[in-house]
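For reference, the chains in residue letters:
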Amino acid sequence: KNKKKNKGSSQQEDAGNAGSSFEWKKTVENLLAGAIAGASVESALYPIDTIKTRLQAMKGSSGVKGKLGALRGSTSIYNGLMGNLVGVIPSSALFFSVYEPVKQKLSD
């Protein structure tokens, strides 16, 4: 009898561990999906935002000297992208890893 009970309880533990493993896998998938999505969006929209910001800075300035100052001597529209990615990637990853489980809990 004791062997049957122990065997049954170990099967329950294995089932619990399998569920836990599945949850970890889903969490890691959500973290990666969020990180990739955040990096993709930021990389695609960063040049547009940079151009918009530089045009706004030139609009308020007068003369050639002011317009060159607005450009800050830089012609690359990707300057500063890495700094933004350092913030966007972790925040997007955390957002996705929290959003998906909460969405599933609320829909059940």
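Use the structure listed above.
In this report, the structure presented in the accompanying data block is examined. (Residues numbered from 1 in each chain as written. Predicted model: local features only at pLDDT ≥ 70, side-chain atom pairs only at ≥ 80, totals over all residues. Heavy atoms only, no water.)

Before going further, it helps to examine the overall build of the chain. Across its full length, the chain holds three helices and zero strands. Counting from the amino terminus, the chain carries its helices and strands in the arrangement α-α-α. Taken across its 108 residues, the chain has 19% of its residues classed as buried. In the chain, of all internal contacts separated by at least 6 residues, the share reaching a separation of at least 24 is 78%. Accessible area of the chain: about 8500 Å², with a carbon and sulfur share of 63%. (Helix = DSSP H or I, 4+ residues; strand = E, 2+ residues; numbered from the N terminus. Buried < 20%, exposed > 50% of the residue type's maximum accessible area, 1.4 Å probe, protein only. Contact = heavy atoms within 4.5 Å. Areas by Shrake-Rupley, 256 points an atom, 1.4 Å probe, with all protein chains shown as cover.)

Below, the discussion takes up a nonpolar patch on the surface. A contiguous nonpolar patch, built from Trp24, Val28, Leu32 and Ile36 and spanning about 460 Å² of accessible area, is present on the exposed surface. Secondary-structure assignment places tryptophan 24 in helix 1 (residues 2-60). (Patch = residues over 30% accessible without salt bridge, like charges linked within 9 Å, V, L, I, M, F, W, Y side chains within 5 Å. Salt bridge = Lys/Arg side-chain N within 4 Å of Asp/Glu carboxyl O.)

Throughout the structure, instances matching the rule amount to three salt bridges. Glutamate 29 is the partner of lysine 26 in a salt bridge, and the nearest nitrogen-oxygen pair spans 3.7 Å. Here glutamate 29 and lysine 26 lie together in helix 1, a separation of three residues that amounts to about one turn. Judged by relative accessible area, glutamate 29 falls into the partly exposed class, the value being 36%. Of the charged contacts in the structure, one is a salt bridge between glutamate 100 and lysine 103, with a shortest N-O distance of 3.6 Å. One end of the pair is glutamate 100 and the other is lysine 103, both in helix 3 (residues 81-107) and three residues apart, which spans about a single turn. The exposure class assigned to lysine 103 is partly exposed, which follows from its relative accessible area of 40%.

Now for the packing of aromatic side chains. The description of an aromatic ring pair rests on the distance of the ring centres and on the angle between the ring planes. Scanning all chains against the criterion turns up two aromatic pairs. Between phenylalanine 95 and phenylalanine 96, the aromatic rings sit 6.2 Å apart at their centres with planes inclined by 70°, giving edge-to-face as the arrangement. Residue phenylalanine 95 is classed as exposed on the basis of its relative accessible area, which comes to 51%. Between phenylalanine 95 and tyrosine 99, the aromatic rings sit 5.5 Å apart at their centres with planes inclined by 15°, giving stacked as the arrangement. Of this pair, phenylalanine 95 and tyrosine 99 both sit in helix 3, separated by four residues, roughly a single helical turn. (Phe/Tyr/Trp six-rings, centres within 6.5 Å; stacked < 30°, edge-to-face > 60°.)

The next thing to look at is the environment of isoleucine 89. Note on placement: isoleucine 89 falls in helix 3. Discounting chain neighbours no more than four positions away, the residues touching isoleucine 89 are Ala35 and Ala39.

Take the environment of threonine 50 next. Relative to the helices and strands, threonine 50 resides in helix 1. By relative accessible area, threonine 50 is classed as buried at 10%.

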